[in-house]
2 protein chains.
Amino acid sequence: MSNSNPSPLTPMLRKMELWAAFSDSDREALLAMPHTLKTIKEGHYIVRDGDKPTHSCVMLTGFTYRHKIVGAGARQIVSIHRAGDMVDLQNSLLGTADHNVQALTRAEVAFIPREAVKEIAFARPAIGFAMWYDTLVDGSIFREWVANVGRRDARTRMAHLLCEFALRLEAAGLSEQTHYELPMTQEQLADCTGLTPVHVNRMLKELDKGGFIQRDKRAVTIADWRRLAEIGDFQRGYLHLGGDQSAALQ
Amino acid sequence: MSNSNPSPLTPMLRKMELWAAFSDSDREALLAMPHTLKTIKEGHYIVRDGDKPTHSCVMLTGFTYRHKIVGAGARQIVSIHRAGDMVDLQNSLLGTADHNVQALTRAEVAFIPREAVKEIAFARPAIGFAMWYDTLVDGSIFREWVANVGRRDARTRMAHLLCEFALRLEAAGLSEQTHYELPMTQEQLADCTGLTPVHVNRMLKELDKGGFIQRDKRAVTIADWRRLAEIGDFQRGYLHLGGDQSAALQ
DNA sequence: CGCCCATTTGACAGCTTTCAAATCGCGTGG
DNA sequence: CCACGCGATTTGAAAGCTGTCAAATGGGCG
């Protein structure tokens, strides 16, 4: 797309530079990594629990999510990913996938051989640190989700999730600060929060009637960020996006 | 303790060698890392949410746990750690702690400057990879915990947690396969599972009466591993301990 | 021996789920 | 352009799992 840099891997570079200072040669090396482009249709799997993936997958456009299926058949979504994210660094480096990765929307992705990832990570410390940091931020978000589903009531969980999405999408330049398109069904929101779709619906309605959010189709407008963040017990520190950790959204 | 190698950092080496092949010079370099020994009393904090730790903490003896406090005042424990674990690699590398680390029992620990950790990780790829892998396994366990508190009922959650402890303690050489000392109160178990202490008590009683476990003080004996694993929807793959992922405990 | 904390037990309340059905939204085909 | 069909959303009523509250019991330690 860009004249100055036509590599499709640019979204990955953009994200990693949030976390580490790269030299020009780091940038060139990162963008020159071997990769295969592919388009994944909505709902299709990228990795399945138990697979032994040989490639890591970088998202270029669209959304994906990671989930686990428990014995009773219920699904728990453990994370949502967007352009720039390396969605199965975990699975490919660990060897055997411990969860599924599925396309939430149509998504363009690039597959990079896991050996190439390991090589560049140790050949170029700035890149290696950015990748490591990225997996650490993922871990921080997992911890917050454990607390969210473990110790917050339904209303708080939903508000928290909406706040998280707002900040992460905004950080990726994919939305305005208080308005975004959320390509998820209420059933998927339920699987993020450990609730039922019916109850998600009720909580969204409450937040809407209370004047904290407005909904139009699947688009969400946060009408009152400060109060939504209060309701959702939301503090942005765990996202490690930098900036004032305690500040409300401007 | 050991004549051949008196470094107190040996438990960390032991754990990391589960995941990467080290050369002799790797081992020497790891054990020679600069560190300060300290004993932490039961209940004392090692890191608090919001701190900016400059050192990473390696556990030598005892247990610690990581937890978050939500707005309503409830506590969610997100992980339990034992000898060999680097309990705040996450906090120290991310810069600002997003959770608390507290001693579950009296614990001996070694503090290593975070810059020394970063240096050795990139100077010695085998060590760097082992550390990265370690944080990835942590992430895998977080994902399982999200699913555990999000999509399993109380009985299943408790059984799952007991199975996880059994395997992790056994992998660390801290217990027999079907019998271990669990230094946690029922209130702490409740904070791991997102339940109340009262309900944890009820579930433990049920598992005991059903003949799946036996309790003596805080020691747990797993009387019927296969059925406890069934009840707990437990599959060991997410622990990435190697071996047959689907095998029942021998 | 007595205190204190953890465990255990019982009764009841309540948040969330379950089950069903109606409504809405939107792409497709007549 | 409108009817149809199907999935998603919405709503209501009732059940149930887990939480809350309270009190009794038990165990360890000074």
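Whatever comes next refers back to the structure up there.
Keep in mind that this is a model prediction, so the values were computed, not measured.

Cut-off values and rules
Residues numbered from 1 in each chain as written. Chains lettered and ligands numbered in written order. Predicted model: local features only at pLDDT ≥ 70, side-chain atom pairs only at ≥ 80, totals over all residues. Heavy atoms only, no water. Contact = heavy atoms within 4.5 Å. Buried area = accessible area lost by both parts, 1.4 Å probe. Salt bridge = Lys/Arg side-chain N within 4 Å of Asp/Glu carboxyl O. Polar contact = N/O pair within 3.5 Å; in protein donor to acceptor, adjacent residues only side chain to side chain. Helix = DSSP H or I, 4+ residues; strand = E, 2+ residues; numbered from the N terminus. Phe/Tyr/Trp six-rings, centres within 6.5 Å; stacked < 30°, edge-to-face > 60°. Buried < 20%, exposed > 50% of the residue type's maximum accessible area, 1.4 Å probe, protein only. Lys NZ or Arg CZ within 6 Å of the ring centre and 35° of its normal. Near = heavy atom within 4 Å. Nonpolar A, V, L, I, M, F, W, Y, C, P; charged D, E, K, R; others polar. Core = buried A, V, L, I, M, F, W, Y, C linked by side-chain atoms within 4.5 Å.

J.: Which residues make up the interface of chain B and chain A, and what values do they have?
T.: On the chain A side, the residues contacting the 47 residues of chain B number 47 residues. Summed over both partners, the interface of chain B with chain A comes to about 4,300 Å²; 70% of that surface belongs to carbon and sulfur atoms. Interface area lost by chain B to chain A is led by W132, R143 and R151 of chain B, which between them contribute 23%. Viewed at the interface, chain A and chain B are joined by 6 salt bridges. Linking K68 of chain B and E144 of chain A is a salt bridge whose minimum nitrogen-to-oxygen distance equals 2.6 Å. Between the two partners, chain B and chain A, sit 24 residue pairs in polar contact (both at pLDDT 80 or more). Listed by contribution, the elements that provide at least two residues to the side of chain B that touches chain A are β4 (64–69), β5 (75–81), α3 (89–94), α4 (114–123), α5 (125–151) and α7 (186–193) of chain B. Broken down by element, the side of chain B that touches chain A gets its largest block of residues, 20 residues, from α5 of chain B.

J.: Kindly report on the packing of aromatic side chains, identifying the contributing residues and their values.
T.: Aromatic ring pairs: the centre-centre distance and the angle between the two ring planes describe each pair. Throughout the structure, instances matching the rule amount to 8 aromatic pairs over all chains. Ring geometry for W19 of chain A against Y133 of chain A: centres 5.4 Å apart, planes inclined by 40 degrees, an arrangement best described as tilted. Linking W19 of chain A in the loop between α1 (10–16) and α2 (24–31) with Y133 of chain A in helix α5 (residues 125–151), this pair joins segments that are 114 residues apart in sequence. For W19 of chain A, a relative accessible area of 15% corresponds to the buried category. With a relative accessible area of 10%, Y133 of chain A lands in the buried category. Plain terms: the ring middles of F234 of chain B and Y238 of chain B are 5.9 Å apart, the flat faces sit at 80 degrees to each other, and that makes the pair edge-to-face. Residue F234 of chain B shares its accessibility class with Y238 of chain B, and that shared class is buried. Taken together, the aromatic side chains of W19, F129 and Y133 of chain A make up a single cluster linked through ring pairs. The ring centre of Y45 of chain B lies 3.8 Å from the NZ or CZ of R48 of chain B, which sits over that ring.

J.: I'd like a description of the protein's contact with DNA strand C, backed by residues and values.
T.: Neighbouring DNA strand C are 17 residues, the closest being A154 and R202 of chain A together with Q186, N201 and K205 of chain B. Among all atoms of DNA strand C positioned within 4 Å of the protein, those belonging to sugar or phosphate total 73%. Mapped onto the surface near DNA strand C, the elements with two or more residues apiece are α8 (197–209) of chain A together with α8 (197–209) of chain B. Looking at the surface near DNA strand C, the element that brings in the most residues is α8 of chain B, giving 4 residues. Grouping the constituent residues of the surface near DNA strand C by class yields 4 nonpolar, 6 polar and 7 charged.

J.: Can you break down the nonpolar core residue by residue, with the values?
T.: I80 and L162 of chain A together with I80, M131 and L162 of chain B are the most contacted members of the largest nonpolar core, which totals 147 residues. Among the elements that make up this core, the one with the highest residue count is α5 of chain A (13 residues). The contacts of I80 of chain B, once residues within four sequence positions are left out, are F63, T64, Y65, D85, L104, W145, F165, R168, M184 and C192 of chain B.

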